Amino acid sequence: MATVDGRKIFRSDVDKYYDNYQASSTQQAPSGEQATALRLQILNQMIEDEILMRRAEKLGLLATDEEVDRKFNEYKAPFTQEEFDQRLKDKKITLADFKRDIRRSITRDKVLNKEVSSKINVTDQDITEYYNAHKGDFNLIEPQYHLALITVTTAPNPQVQNQNDKAQNEADARKKIQMIANRLDSGDDFATLAMKYSENPETSGNGGDLGTFPESGLKGINDLATREAIAKLKPGQYSPIVSVIDPASRRAMEFRIVKLVSKEPAGQRDLSDPRVQQAIRSQLHDRREQLLKEAYYEVLRDSAKVENYYAQKVLDSNGVQK
């Protein structure tokens, strides 16, 4: 379907990623022009990856087998062999495909870190100028709550992918949340326990972190018991076990432990505040990194010999392409 400096990209490889996308998507399978557009998008990403791999070869930054195996073991650790094999089957990829993607991902990160990220320098003057231009953004009109959450549901959630058994019923859930509470009381780290045991698919992967909410935003938490538990916490404290009740059946749907990571009072934040400086530094760094990565890809592409046969066929056929 395309070549990059003579390296061929075959239709079978594009189709594999196309099938993988469909297997992972909850939306209706694309057809007609949508299917063609998706294949073009996948092919373009594969072309960019191939260009970057060629650059990595020149820089001596190709991922090593040791790096690939280490990352592979991290991915595989939460699953039994049977569960892992089933995930590969569901995604319609082989073990070799999976490891190849890991190798490309590690290689991509190494190249971009050396060629782009490591060269970004956000100066103190940059931070001062940004603060002076956006001073109002650092004037909090109400207190801010940084929250984290551990959840155990009374019914299995197929989206949860942590390494520990999911509660199968209310009795299991009560035992599991009590075990977690006991370990917290014994001094175990909240984030580590959340990653291991929490059954909230949106937060378990990042240690249960819910992010920061303005005080008025707490009203958006639909469970009164949870809101009341948060109101009693001081920064660094976690709540007792909170039962979330189904209003229809009056039975417990899930159990929660909420942590107030920090609470920021309302008012103007000064530039001297290290948190303000770090927030600005991170934002400026991320913005520059995104811009420079886009420019870097364009420069690399200009220096490569790319022939996109599939795109030409789509053009020649007036968009009617399979």
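Everything numeric here is computed off the predicted structure, so don't read it as measured data.

Chemist: Any details on the pattern of salt bridges? Residues and values, ideally.
Modeler: This structure, assessed with the given rule, holds 26 salt bridges. The closest approach of N and O atoms between Arg251 and Glu170, which form a salt bridge, is 3.2 Å. In this pair, Arg251 is assigned in the loop between strand 6 (242-245) and strand 7 (252-264) and Glu170 in helix 7 (residues 170-185), connecting sequence segments 81 residues apart.

Chemist: Account for the pairing of strand 4 (residues 144-153), with residues named and values stated.
Modeler: The element strand 4 is extensively covered by neighbouring structure, given that nine of its 10 residues are classed as buried. Bridge analysis of strand 4 against strand 5 (residues 209-214) gives five bridges, and the strand direction is antiparallel. In the strand pairing of strand 5, Gln144 is matched with Pro214. In terms of strand pairing, strand 4 meets strand 7 through 10 bridges, oriented antiparallel. Pairing of Ile150 across the sheet is with Ile257, part of strand 7.

Chemist: Hey, could you go over the packing of aromatic side chains for me, with residue numbers and the actual values?
Modeler: Across all of its chains, the model carries five aromatic pairs by this definition. Judged by centre distance (6.1 Å) and plane angle (70 degrees), the rings of Phe72 and Phe98 are edge-to-face. Here the residue Phe72 occupies a position in helix 3 (residues 65-76), and Phe98 occupies one in helix 5 (residues 95-115), the gap between them amounting to 26 residues. Feature note: the residues Phe72, Tyr75, Phe84 and Phe98 constitute an aromatic cluster, connected by ring pairs. Positioned over the ring face of Tyr18 is Arg39, at 3.9 Å from the centre of the ring.

Chemist: Break down the confidence of the model for the chain for me, with residues and values.
Modeler: For the chain, the mean per-residue pLDDT works out to 88, and 94% of the residues sit at or above 70. Per-element mean pLDDT across the chain ranges from 85 in helix 1 (residues 11-24) up to 96 in helix 6 (residues 124-133).

Chemist: Break down the nonpolar core for me, citing the residues and quoting the values.
Modeler: Of all hydrophobic cores here, the largest spans 25 residues; its most connected members are Ile9, Val14, Leu43, Ile47, Leu52 and Tyr296. Among the secondary structure elements, those contributing two or more residues to this core are strand 1 (2-4), helix 1, helix 2 (33-59), helix 5, helix 10 (274-303) and helix 11 (309-316). Beyond its immediate stretch of four places on either side in the chain, Ile47 contacts Ala2, Val4, Ile9, Arg301, Val306 and Asn308. Membership of the second largest hydrophobic core comes to 15 residues, among which are Ile180, Phe190, Ala194 and Tyr197.

Chemist: A description of empty space enclosed by the protein should follow, citing residues and the corresponding values.
Modeler: In the structure shown here, the tally under the stated rule is one cavity of 30 Å³ or more. What the largest cavity holds in volume is close to 30 Å³. Around the largest cavity, the lining residues are Asp49, Leu52, Met53, Arg104, Thr107 and Arg108. Listed by contribution, the elements that provide at least two residues to the lining of the largest cavity are helix 2 and helix 5.

Criteria and cut-off values
- Residues numbered from 1 in each chain as written.
- Predicted model: local features only at pLDDT ≥ 70, side-chain atom pairs only at ≥ 80, totals over all residues.
- Heavy atoms only, no water.
- Salt bridge = Lys/Arg side-chain N within 4 Å of Asp/Glu carboxyl O.
- Helix = DSSP H or I, 4+ residues; strand = E, 2+ residues; numbered from the N terminus.
- Buried < 20%, exposed > 50% of the residue type's maximum accessible area, 1.4 Å probe, protein only.
- Pairing = 2+ DSSP bridges.
- Phe/Tyr/Trp six-rings, centres within 6.5 Å; stacked < 30°, edge-to-face > 60°.
- Lys NZ or Arg CZ within 6 Å of the ring centre and 35° of its normal.
- pLDDT = per-residue confidence, 0-100.
- Core = buried A, V, L, I, M, F, W, Y, C linked by side-chain atoms within 4.5 Å.
- Contact = heavy atoms within 4.5 Å.
- 1 Å grid on protein atoms, 1.4 Å probe; cavity = no way out; pocket = protein on both sides within 12 Å on 5 of 7 lines; lining within 4 Å.
- Points joined across faces, edges and corners; volume = space filled by probe spheres on them.

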